[in-house]
Amino acid sequence: MEILPTVLIASAAALVGYVLGSIPFAVIVAKRHGVDILHAGSGNPGATNVKRTCGKAAGNLVFFLDMFKGFLAAFLPWIALSPISVVPEQQDAWPHVIAIAQLCGFAGALLGHCFSMFLKFKGGKGVSTTIGGLLGAMPIAVLVGLVVWLAVYFPTRIVAIASMVFGLSLPLTSMILAKAFPQLGYTTIHVGFCLVVAIFIIIMHRSNIARLMRGEENSFKKK
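Definitions and limits used
- Residues numbered from 1 in each chain as written.
- Predicted model: local features only at pLDDT ≥ 70, side-chain atom pairs only at ≥ 80, totals over all residues.
- Heavy atoms only, no water.
- Salt bridge = Lys/Arg side-chain N within 4 Å of Asp/Glu carboxyl O.
- Helix = DSSP H or I, 4+ residues; strand = E, 2+ residues; numbered from the N terminus.
- Buried < 20%, exposed > 50% of the residue type's maximum accessible area, 1.4 Å probe, protein only.
- Contact = heavy atoms within 4.5 Å.
- Core = buried A, V, L, I, M, F, W, Y, C linked by side-chain atoms within 4.5 Å.
- Phe/Tyr/Trp six-rings, centres within 6.5 Å; stacked < 30°, edge-to-face > 60°.
- Axes fitted to C-alpha atoms, helices over the stretch in contact; angles between N-to-C directions.
- Parallel < 35°, antiparallel > 145°, perpendicular 65-115°, else oblique.
- Left-handed = near helix turned anticlockwise from the far one by under 90°.
- Nonpolar A, V, L, I, M, F, W, Y, C, P; charged D, E, K, R; others polar.

Participant: Which residues make up the pattern of salt bridges, and what values do they have?
Facilitator: Proximity of charged atoms lets side chains of opposite charge pair with each other. Counted under the stated rule, the structure contains three salt bridges. The salt bridge partner of Asp66 is Lys69, with a shortest N-O separation of 3.3 Å. With a gap of three residues between them, Asp66 and Lys69 both fall in helix 4 (residues 56–81), about one helical turn apart. Judged by relative accessible area, which is 3%, Lys69 ranks as buried. Here Glu217 makes a salt bridge to Arg211, at a shortest N to O gap of 2.8 Å.

Participant: Let's hear about the environment of Phe106: which residues, and what values?
Facilitator: Tracing the sequence through the fold places Phe106 in helix 5 (residues 94–114). Ignoring any residue separated from it by four or fewer positions in sequence, one finds Phe106 in contact with Ala73, Ala74, Thr129, Thr130, Gly133, Leu134, Phe193 and Val197.

Participant: Before we move on, can you summarise the environment of Phe118 with the specific residues and values?
Facilitator: Assignment of secondary structure puts Phe118 in the loop between helix 5 and helix 6 (127–137). A C-alpha to C-alpha distance of 17 Å links Phe118 and Ala73, two positions 45 residues apart in sequence. For Phe118, the residues in contact, after removing those within four places along its chain, are Val19, Ser22, Ile23 and Pro24.

Participant: Before we move on, can you summarise the nonpolar core with the specific residues and values?
Facilitator: One finds Phe106, Met138 and Phe166 to be the most contacted residues of the largest nonpolar core, which totals 29 residues. Residue assignment for this core shows that the elements contributing at least two residues are helix 4, helix 5, helix 6, helix 7 (139–156), helix 8 (159–180) and helix 9 (188–204). Those residues in contact with Phe166 that lie beyond four places of it in its chain are Val127, Thr130, Ile131, Val142, Gly145, Leu146, Trp149 and Ile201. Listed in part, the eleven residues of the second largest apolar core include Ala30, Ala40, Cys54 and Ala58.

Participant: So, unusual backbone geometry: which residues are in play, and what are the values?
Facilitator: Trans peptide bonds make up most of the peptide bonds, and negative phi angles are found at most residues other than glycine. Unlike most non-glycine residues, Phe121 shows phi in positive territory, near 65 degrees. Locating Phe121 in the fold gives a position in the loop between helix 5 and helix 6. On the accessibility criterion, Phe121 (55% relative accessible area) is exposed.

Participant: How would you summarise the side chain of Asp66 if you had to cite specific residues and measurements?
Facilitator: Judged by relative accessible area, which is 1%, Asp66 ranks as buried. With sequence-adjacent residues up to four places away left out, Asp66 is seen in contact with Phe25, His113, Ser128 and Thr129.

Participant: Describe the packing of aromatic side chains, with residues and values.
Facilitator: Throughout the structure, instances matching the rule amount to seven aromatic pairs. Seen in terms of ring centroids, Phe63 and Phe64 are 5.5 Å apart; in terms of plane orientation they differ by 85 degrees. Their pairing is edge-to-face. Overall, the relative accessible area of 27% leaves Phe63 in the partly exposed class.

Participant: Describe the packing of helix 1 (residues 6–22) against helix 5, listing the residues and the values that go with them.
Facilitator: Two numbers describe how helix 1 lies on helix 5: the axes approach to 6 Å, and their chain directions differ by 30 degrees. With respect to helix 5, the element helix 1 is oriented roughly parallel. The handedness of the crossing between helix 1 and helix 5 is right-handed. Along its contact with helix 1, which presents Thr6, Ile9, Ala10, Ala13, Ala14, Gly17, Tyr18, Gly21 and Ser22, the element helix 5 presents Trp94, Val97, Ile100, Ala101, Cys104, Gly105, Gly108, Ala109, Leu111, Gly112 and His113. Of the residues that constitute the contact of helix 1 with helix 5, the class distribution is twelve nonpolar, eight polar and no charged.

Below, the structure is given as structure tokens:
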């Protein structure tokens, strides 16, 4: 089978990812608890706000559902494309096509989560979906990032700080892995993609940055 144009494969993966990412699990779960999450707490349809307004169990459920949709968006291209047989001269290029499709699926899910088609293009801040997407496309990089998140969260108990540091860790981790362990298949494409994701996470947390500067950011410290 001949390889379809990479742009067509990448576009299809991004579109599927966007639809998956747009599913507003925070709104759905909060509604089952009698809460309109768009008008409760910070108004953000994400796991952290659900946890504050509906309880720990509901918040954790939203986190894992949002993470799963990111994972699925990044993993589906691998499931769909890996079994395809290609001519020998294209075999070396095919893994790169799959990697690009996975990253595009993840990017679509992240955009869908933050700008959901079901919420008039509003949404969450994308951290849980980023974790899931990277688990599907770059599992080792995100596992390192999770360690960084935990290392920052537990001393501060501020999700926003931990999430931004997590994002900033991704391009650095992927760059180190690409150089130290080339067998993992991480390339400059992965590093560049992680850099874009890191910038995107920072931008989506701009309101948190403003509250941090005013000393008004919410935390989960016990009072």
